[in-house]
Amino acid sequence: MTKKNVHVVKSKSGEVWSVKTENSQKAYRNVSTQQEAIEIGKNVAKSNGSELLIHGVNGKIREKNSYGDDKHPPIG
């Protein structure tokens, strides 16, 4: 089974922040703040052993966190 990455993105309407899994059309959860979406996304990513990708208002990825088996962990 492949581990699906979790994304925190601004909804298309721009009214809410969505937590979505990779290649999913439907949001896992919609909340009013990005911080709340990040917390939910972090828990989902930890449960899945996957990555959390946080997108900014402009849609570009601004931060990535790995909660799975990282093949290239940082040294030190």
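That block above? That's the structure.
Structure report, in brief. Quick caveat, the model's predicted, so the values are computed rather than measured.

Another point: the overall build of the protein chain. Looking only at helices and strands, the protein chain has 1 helix and 5 strands in total. Mapped in sequence order, the helices and strands of the protein chain form the string β-β-β-α-β-β. Relative to its 76 residues, the protein chain shows a buried fraction of 30%. A separation threshold of at least 6 residues defines the contact pool for the protein chain, and within that pool the share at least 24 residues apart is 28%. Per element, the accessible surface of the protein chain, about 5500 Å² overall, is 48% carbon and sulfur.

Taken in spatial order, the 5 strands line up as β3-β2-β1-β4-β5 in an open sheet, and their pairing is mixed. On the outer flanks of this sheet lie β3 (29–31) and β5 (61–66), each paired with one strand and no other. Within this sheet the neighbouring strands show an average axis-to-axis angle of 20 degrees, counted without direction. In the sheet, strand β1 (residues 6–10) pairs with strand β2 (residues 17–21) via 5 bridges, with the strands oriented antiparallel. When the sheet's bridge partners are listed, V9 is paired in β2 with S18. Seen against the sheet, helix α1 (residues 34–48) touches β1, β2, β3, β4 (51–55) and β5 and runs at an angle of roughly 160 degrees to β4.

This model, assessed by the stated rule, comprises 2 salt bridges. For R62, the salt bridge identified is with E63, shortest N-O distance 3.8 Å.

Moving on to the nonpolar core. The tendency in soluble globular proteins is for nonpolar side chains to be buried side by side. The biggest cluster of nonpolar side chains holds 12 residues, and these are V6, V8, W17, V19, V31, A37, I38, I40, V44, A45, L52 and I54. Elements represented by at least two residues in this core include exactly β1, β2, α1 and β4.

The subject of this paragraph is unusual backbone geometry. Phi is mostly negative for residues that are not glycine, and the peptide bonds are mostly trans. Despite not being glycine, N23 has its phi angle at roughly 65 degrees, a positive value. Its location among the elements puts N23 in the loop between β2 and β3. Residue classification places N23 among the exposed residues on the basis of a relative accessible area of 75%.

Taking 1.5 Å of rise per residue, the 15 residues of α1 would be expected to cover 21 Å, and the 20 Å separating its terminal C-alpha atoms lies within 8% of that figure. Turning to α1, its buried residues number three or more, namely Q34, A37, I38, I40, G41, V44 and A45. Contact partners of the buried residues in α1: β1, β2, β3, β4 and β5. Among the residues trailing α1, G49 stands out with phi positive, at a value near 65 degrees.

How each quantity is defined
- Residues numbered from 1 in each chain as written.
- Predicted model: local features only at pLDDT ≥ 70, side-chain atom pairs only at ≥ 80, totals over all residues.
- Heavy atoms only, no water.
- Helix = DSSP H or I, 4+ residues; strand = E, 2+ residues; numbered from the N terminus.
- Buried < 20%, exposed > 50% of the residue type's maximum accessible area, 1.4 Å probe, protein only.
- Contact = heavy atoms within 4.5 Å.
- Areas by Shrake-Rupley, 256 points an atom, 1.4 Å probe, with all protein chains shown as cover.
- Pairing = 2+ DSSP bridges.
- Axes fitted to C-alpha atoms, helices over the stretch in contact; angles between N-to-C directions.
- Salt bridge = Lys/Arg side-chain N within 4 Å of Asp/Glu carboxyl O.
- Core = buried A, V, L, I, M, F, W, Y, C linked by side-chain atoms within 4.5 Å.
- Expected span 1.5 Å × (residues − 1).

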